[in-house]
Amino acid sequence: MAAKTTLAENRAKIEQYRPQVAAGGVQNLINGIKVPAYSGRTFTTLTPIDNSVICEVAEGDASDIDAAAQAAADAFPAWAALSGKKRRDLLYNVADLIEKHAEEIALLETLDTGQPIRYMSAAAVRGAENFRFFADRAEGARDGLALPSDEHLNYTLRQPIGPVGVITPWNTPFMLSTWKIAPALAAGCTVVHKPAELSPITAQRLAELVLEAGIPPGVLNLVNGFGETAGKALTEHPAIKAIAFVGESATGSHIMRQGAPTLKRVHFELGGKNPVIVFADADLDRALDSTLFMIYSLNGERCTSSSRLLVERSVHDEFTARLAERANKIKVGDPFDPATEIGPLIHPDHWEKVNSYVGIGQAEGATLAAGGGCPAGLEKGNYIAPTLFTNASSGMRIAQEEVFGPFLTVIPFDDEDEALAIANSVDYGLTGYIWTQNVTRALKMSHHLDVGMIWVNSQNVRHLPTPFGGMKASGIGRDGGDYSFDFYMETKNIAIALGNHRIAKLGVG
Ligand code: NAD
């Protein structure tokens, strides 16, 4: 795998792929055929490493979405009618192909997103796992419940809702796309995918591999373009029955509004400002490792990052001093270097946004204990040093707003009640991390934290059958395991009379 090779080897490999990608560009893929946008327009995708152009991308709009939605609608009856076993076999083929091309996918993802290759290699493999996981459940997806009453046998079954739209963000785009698309296909839905405009390259590879795996044309369609045009048209299209969306909370509000006239079912995975709460009795070494990993891995561009550290006052100074020392040693650099821990941020505009919070934190009176700004020698790319603010208070913007970068805000607390109040004081509610040896305290905190997912004495370790999703402004609905099928399928109840139950007679005088 690319993560195990050297920087020079990874660079040599990506230089082999780059001319092909530059020549072919990223097209739309509608009804099994790669096509440019109807308008002929394109936009460019840049590599965050030096902001040079990787390639041109088809700029789809409402007409391309219309063609893709029509293709998905035409392909739906046959795909939905296919046996679960056949769908499982085809999804296994996709997983095999992803594994076969995992190195290429990881390298392209690193080029397009700036994410370190050490993480992207695993993310490509996780994409294959997602396909296998949902493939294994395709046969049972329609199973329901038997709910007998005295006079009826009620039973439920599930059937795919229809063609669906999947809209994904720019962070870890390949893995996230598979997480959404694999259950949709396993359920029997057909899909129109609108990937993020800032990192579209691996979505095209996924659509190609799905076709190569033998999945019929029209089952997965790809339309590239901007959110306000292509994305909006997808959410408004009458043939599309549901929208699975991952992105910012504000965009979720737009999508809900846009989808209202056609009564779209929506599933939203949105932003986060997740607390990691460290009590003095915790295993502080492990808490330190986990805190660092959960904010500084994946460039901090991760919805579940632990971007607020709430630490008990008695250990605050020692813990934050160790944190700063380690943060300063994190290796920022070329994401193709397997030793690199933080690569460049996705786009210069995003760099400006993340770096602006350094000034905001200073103006608010928090202490800049590490980072801020671009490390020397890396000015050509969107690099930022891992940033740490200590002595913050929960009302500050750096303690409330999602920065979405390698940026950690530390807030001291005195007791459980104060920790809970601070943790719940934000608009978001995606994840929470609790570090303590006291099981009663861990349970009490877990039950009162307003978040969808909690890890106790643990970093974020995904178990695919468990529900994934957030509360408050962090999302609507859950996916993972059977929860994904509940979203992509309709549940139908069938009631069969067991005998001659009473039927009121009207019109008999
Ligand atoms: P974004 O909301 O700007 O864009 C996400 C996608 O939505 C893109 O494909 C974009 O083109 C599209 N879009 C934008 N406006 C649209 C509109 N009006 N109608 C339809 N589609 C539209 O998000 P981003 O900046 O790409 O991603 C970062 C955000 O994603 C962060 O807030 C992060 O927390 C969130 N995220 C959440 C999760 C989760 O599981 N909760 C996972 C990853 C990322």
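Residues numbered from 1 in each chain as written. Predicted model: local features only at pLDDT ≥ 70, side-chain atom pairs only at ≥ 80, totals over all residues. Heavy atoms only, no water.

**A few points about the overall build of the chain**
Filter applied, for reference: A run of H or I in DSSP becomes a helix once it reaches four residues, and a run of E becomes a strand once it reaches two; helices and strands are each numbered from the N terminus. For this measure, only C-alpha atoms enter the radius of gyration; the expected value for a globule follows 2.2 Å times N^0.38, where N is the number of residues. Burial here depends on accessible area, computed with a 1.4 Å probe over protein chains only, as a share of the maximum for the residue type. Under 20% is buried, over 50% is exposed, and the range in between is partly exposed.
When helices and strands are counted, the chain shows 16 helices and 21 strands. Taking 509 residues into account, the globule formula puts the C-alpha radius of gyration at 23 Å, and the chain, at 24 Å, falls close to it. Dimensions of the chain, computed from the C-alpha atoms along their principal axes, are close to 85 × 60 × 40 Å. Among the 509 residues that make up the chain, the fraction classed as buried is 58%.

**Topic: the pattern of salt bridges**
Quick note on the threshold: Salt bridge, as used here: a side-chain nitrogen of Lys or Arg that lies within 4 Å of a carboxyl oxygen of Asp or Glu.
Under the defined criterion, the tally for this structure stands at 30 salt bridges. Here Arg205 and Glu104 are joined by a salt bridge, their closest N and O atoms 2.9 Å apart. Here the residue Arg205 occupies a position in helix α7 (residues 201-212), and Glu104 occupies one in helix α4 (residues 102-113), the gap between them amounting to 101 residues. Each of the two residues, Arg205 as well as Glu104, counts as buried. One salt bridge in this structure joins Glu416 and Lys444, with 3.0 Å as the shortest N-O distance. Of the two residues, Glu416 is situated in helix α14 (residues 416-423) and Lys444 in helix α15 (residues 439-448); the sequence distance between them amounts to 28 residues. We classify Lys444 as partly exposed; its relative accessible area is 34%. Three or more residues joined by partner-sharing salt bridges are found here, namely Asp281, Glu416, Asp417, Arg441 and Lys444.

**Some words on the domain arrangement of the chain**
For the record, the criterion: As used throughout, domain bounds are those supplied by an automatic or database domain assignment. Whether two residues touch is decided by their heavy atoms; if any such pair falls within 4.5 Å, the residues are in contact. For any pair of parts, buried area is found by adding up, for both, the accessible area (1.4 Å probe) each one loses once the two are put together.
When the domains of the chain are assigned, the result is domain 1 (7-270 + 474-493) and domain 2 (275-456). One C-alpha centre belongs to domain 1, the other to domain 2, and the line joining them spans 30 Å. In this assembly, 29 residues from domain 1 lie in contact with 32 residues from domain 2. For the pairing of domain 1 and domain 2, the buried interface totals around 2500 Å² over both sides, and the portion due to carbon and sulfur atoms is 61%. Area buried by domain 1 at its contact with domain 2 is led by Tyr119, Trp170 and Ser474, which between them contribute 22% of it. For the pair domain 1 and domain 2, the number of links is 1 salt bridge. Asp334 is paired through a salt bridge with Arg11; the nearest N and O atoms lie 3.1 Å apart.

**Comments concerning the site of the ligand**
Keep this limit in mind: Note on terminology: near, applied to a residue and a molecule or strand, indicates that one of the residue's heavy atoms is within 4 Å of it. Each polar contact in these results corresponds to two N or O atoms within 3.5 Å; when the atoms are within protein, one needs to be able to donate a hydrogen and the other to accept it, and residues that are neighboring in sequence are counted only if both atoms are side-chain atoms. Areas reported here follow the Shrake-Rupley algorithm with a probe of radius 1.4 Å; residue values treat only the protein chains shown as occluding. Residue polarity is assigned by list, with Asp, Glu, Lys and Arg as charged and Ala, Val, Leu, Ile, Met, Phe, Trp, Tyr, Cys and Pro as nonpolar; anything else, Gly included, falls into the polar class.
Close contacts around the ligand come from 29 residues, with Lys194, Glu197, Thr251, Leu270 and Glu402 the closest. Backbone polar atom of Glu248 to an oxygen atom of the ligand: 2.9 Å apart, as the coordinates give it. The backbone of Leu270 places a nitrogen or oxygen atom 2.7 Å from a nitrogen atom of the ligand. Taking 850 Å² as the accessible area of the ligand by itself, protein coverage stands at 93%. When residues of the shell around the ligand are traced back to their parent elements, those giving at least two are α8 (227-236), β9 (242-246) and α9 (249-259). The dominant element in the shell around the ligand, judged by the number of residues it contributes, is α9, at 4 residues. Of the residues that constitute the shell around the ligand, the class distribution is 14 nonpolar, 9 polar and 6 charged. Two domains share the shell around the ligand, each providing at least three of its residues, namely domain 1 (7-270 + 474-493) and domain 2 (275-456).

**Comments concerning the packing of aromatic side chains**
Under the convention used in this document: Pairing of aromatic rings covers Phe, Tyr and Trp, the last counted by its six-membered ring, and requires centre-to-centre distances within 6.5 Å; plane angles under 30 degrees mean stacked, over 60 mean edge-to-face, and any other angle means tilted. As a reminder, the over-ring test applies to NZ of lysine and CZ of arginine, requiring each to be within 6 Å of the ring centre and within 35 degrees of the ring normal.
Here the structure, examined in full by the defined rule, presents 12 aromatic pairs. With centroids separated by 6.2 Å and ring planes inclined at 70°, the aromatic side chains of Tyr119 and Phe293 adopt a geometry described as edge-to-face. Taken as a pair, Tyr119 in helix α5 (residues 117-136) and Phe293 in helix α10 (residues 284-296) lie far apart in primary sequence, 174 residues in all. With a relative accessible area of 16%, Tyr119 lands in the buried category. Taking 5.3 Å as the distance between ring centres and 75° as the angle between the ring planes, the aromatic pair formed by Trp170 and Phe404 counts as edge-to-face. Of this pair, Trp170 sits in the loop between β6 (164-167) and α6 (173-187) while Phe404 sits in the loop between α13 (397-400) and β15 (407-413), placing them 234 residues apart in sequence. Judged by its relative accessible area of 16%, Phe404 is buried. Ring-pair connections join several aromatic residues into one group, and the members of that group are Phe133, Phe134, Trp179 and Phe485. Lying across the ring of Trp179, Arg126 places its NZ or CZ 5.7 Å from the centre.

**A closer look at the environment of Ala124**
On the secondary structure map, Ala124 appears in helix α5. By relative accessible area, which is 2% here, Ala124 ends up buried. Once residues lying within four places of it in the same chain are set aside, the contact partners of Ala124 are Ile98, Ala102, Ile105, Ala106 and Phe174.

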